[in-house]
Amino acid sequence: FAPSSEGMIAPRPPIPAGRHPSALLLSRDGTRLFVASASTDRVAVIDTRTRQTVATLDDSPPAGPNEGSTPNALALSADGRALYVAEADNNAVAVFSLPDNRLAGRIPTDWYPTALAVAGDSLLVLSAKGRPPAANPGGPTPLLGERDVTQYTLGQLTGTIAAIAPPRVGSDALDELSARVARVNFWNAKARESRTRAQYPPFEHVIYIIKENRTYDQVLGDLAVGDGDTSLVLFPRAVTPNHHALAERFGVYDRFHVNAEVSADGHNWSMAAYATDYTVKTSQQNYSGRGRTYDYEGTNREDWDSTRKMARAPEDDAAEPGNGYLWNSAERAGITFRNYGEFVTPAMGAEEDAIKEVYVGLKPFLARNTSRAFPGYDLGIRDQRRADVFIEELRAFEARGELPRLIIMRLPNDHTEGAAAGRPTPRAHVADNDLALGRVIEALSKTRFWERTVVFVLEDDAQDGPDHVDSHRSPLFVISPWAAGGLHHRWANTTDVLATIAEILGLGSLSQFDHYGEPLRDVWRSTPDTRPYTALVPAVSLDEKSPRNTGAARMSERLSLRYEDRSDDETFNRILWMAVKGENVPYPGTREASAPEWTRPLPR
């Protein structure tokens, strides 16, 4: 802004500085403005007199795309010869030598540094997430009207402040700290390049199915193999026969963890291998009920077009990463793609002189490749309808002999509606989800595409329930005639699955997380088992409804279920527990993995 001729303050033309500018810092003499671009791993150096970018500092990891360091705070050393850059997703502070603008090294920090200040000879580092959250066996007790926020999942992300004596640029001490940052982030690019790449089976098609919010123990804790806790099972074999049968035939993954805490970042991690600084910071405001709208999954401010009865698709939603989403990778690679229910909005359209609800993708390429008949998140629509739509299109693909190389599908009803009176019980919702998944796999297994297809099924997050290993542990299914059965006790997470998809389809990496991930190269059979799969019918009626006037029903009246995860998650978890286990069974706390689990070497 600058004074106008009328004495008013008027805006001047903006200065391009990169996507998601997250921090500004003016040099002491006022001639240089440093701007951190969180989504491009860059820091722009702008001449304040000419308003031009005179240098760009590269804050990326050693290899991979320019996304994942997340620079979001800046500070200058006392002598002005070093620029400190908080790298939120590297858990580090980068040190740039000035004025030559050279990355001199990195200093390790706690989890997600977001603010820096120089005080004397110390560098103060505020890490927004601090240290790994503790187990919460004494979790909130909403039945008594009490809520201890320190026991809630996001409430456990308690920040820390550290005072660091930054090593001198060019010192051995800085080199040693830089090596530590590289080691814990798995940046040993030379070792990665020299590793023998496993050959995948002859896959031509990938189907990627996203579900909502379950932990491993809730669904698979009763399996005979795997590290499960039967006391925490909410949806046993009678409710989820297909989940159990698919795991037993195609493999049990009892050390799979989602990257996300909640759905706001969960759909970004699942679709982009990354959650932006904007997403991480604002999701806590949204989930704490402080009035922020759900600015995720392709929308801004939940903007609604009343004429078209649909969410407006913004030209650029604030949460979108710089490298876009998985479908953008498909577009760049030139492969065929089809979307069923992810990042869509309902609309009213005319079809053969009848008004019919259709579903529109919220991104241009997504919209061109989205099934308009497949519903997005709407718990009032059964997953059976979603399965019907997909199976009908699958038959058409079979008739043409063509199946898209990449298919994304959303099956959301395992989210459930708690114990809302007159609505499907949690068991009925999850049984509906289970049967839909079984029907999808059965239909696929009877097509010509079965032997050349792999299906990955995971949850966007694992917030809605307890787990005796870690609150992020969740079910993973790798379904294919080539999938090796048995127990896979190897560490894996969401971005490892995305890394696997990228390798199979020849896509580029989206962020440093899938670039440096551990693809599932070691889970395949040498010969395919092409037997068709037969879907199993759950023992629970899909028409089972929650009764009225129970404690769980009264608590459920306070839930907001129009969109996913708008309700207090701890209360929601308690409702599910009461609805399934009974109101007098003590509710367990959420746990985290032990230190040995987190620090043990990944399989090579």
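Data block above holds the structure.
Attention here is on the structure that accompanies the text. For clarity, every value in this text was computed on a predicted model and none was experimentally measured.

A word on the overall build of the protein. Counting its secondary structure elements, the protein contains 15 helices and 26 strands. Per-residue burial for the protein yields a buried fraction of 58% across its 604 residues. Counting contacts in the protein only where the partners sit at least 6 residues apart, residues at least 24 apart contribute 67% of the total.

Looking now at the pairing of strand β4 (residues 32-37). Relative to β4, strand β3 (residues 21-26) runs antiparallel, the two sharing 5 bridges. Looking at the pairing, Leu24 lines up with Val35 of β4. Adjacent in sequence and paired antiparallel, β3 and β4 are bridged by 5 residues, among which Gly30 carries a positive phi angle near 75°. Note that β4 and strand β5 (residues 42-47) share 6 bridges and pair antiparallel. The residue of β5 that forms the bridge with Ala36 is Val43. Following β4, the chain reverses through 4 residues before pairing antiparallel with β5; Asp41 in that reversal takes a positive phi of roughly 55°.

Turning next to the packing of aromatic side chains. Under the defined criterion, the tally for this structure stands at 11 aromatic pairs. Ring geometry for Tyr200 against Trp524: centres 6.2 Å apart, planes inclined by 65°, an arrangement best described as edge-to-face. Of this pair, Tyr200 sits in the loop between α2 (189-194) and β14 (205-211) while Trp524 sits in the loop between α12 (512-515) and α13 (551-556), and the two are 324 residues apart along the sequence. Cation over ring: Lys129 sits above Tyr112, and NZ or CZ is 5.2 Å from the ring centre.

Time to look at the sheet that holds strand β10 (residues 102-108). Within a sheet, neighbouring strands are paired by backbone hydrogen bonds and run either parallel or antiparallel to one another. The antiparallel open sheet is built from 4 strands, whose spatial order is β7-β8-β9-β10. Each end of this open sheet is capped by a strand with a single partner; those strands are β7 (71-76) and β10. Strand-to-strand twist in this sheet, taken as the mean axis angle between neighbours without regard to direction, amounts to 25°. In this structure, β7 lies alongside strand β8 (residues 82-87), joined through 5 bridges in antiparallel fashion. Its bridge partner lying in β8, Pro71 is registered against Glu87. Along the sheet, helix α1 (residues 172-184) contacts β9 (92-97) and β10; its crossing angle with β10, the most-contacted strand, is approximately 70°.

The rules behind these values
- Numbering of residues begins from 1 in every chain and follows the order in which that chain's sequence is written.
- Only residues with pLDDT of 70 or above have their local features reported here, since the model is predicted, and side-chain atom pairs are shown and tallied only from 80 upward, although totals for entire chains, interfaces and linings are computed over all residues.
- Processing note: side-chain calculations cover all non-hydrogen atoms of the structure and skip hydrogens and water entirely.
- Runs of E in the DSSP output that reach at least two residues are strands. Runs of H or I that reach at least four are helices, and both are numbered from the N terminus.
- Here the term buried applies to any residue with accessible area under 20% of the maximum for its type, exposed to any over 50%, and partly exposed to those in between, with areas from a 1.4 Å probe on protein chains only.
- Note on contacts: a residue pair qualifies if any of its non-hydrogen atoms lie within 4.5 Å across the two residues.
- Paired strands, as defined in this entry, are two strands with at least two bridges between them according to DSSP.
- Any two of the Phe, Tyr and Trp rings considered here, Trp counted by its six-membered ring, make a pair once their centres fall within 6.5 Å; the pair's planes then place it as stacked at under 30 degrees, edge-to-face at over 60, or tilted in between.
- Remark: a charge is flagged as sitting over a ring if the NZ atom of Lys or the CZ atom of Arg is within 6 Å of the ring centre and within 35 degrees of the ring normal.
- Note on geometry: axes are lines fitted to C-alpha atoms, helical ones only across the stretch in contact, with angles between N-to-C directions running from 0 to 180 degrees.

In short, the description is geometric, and any link to function would need to be established separately.
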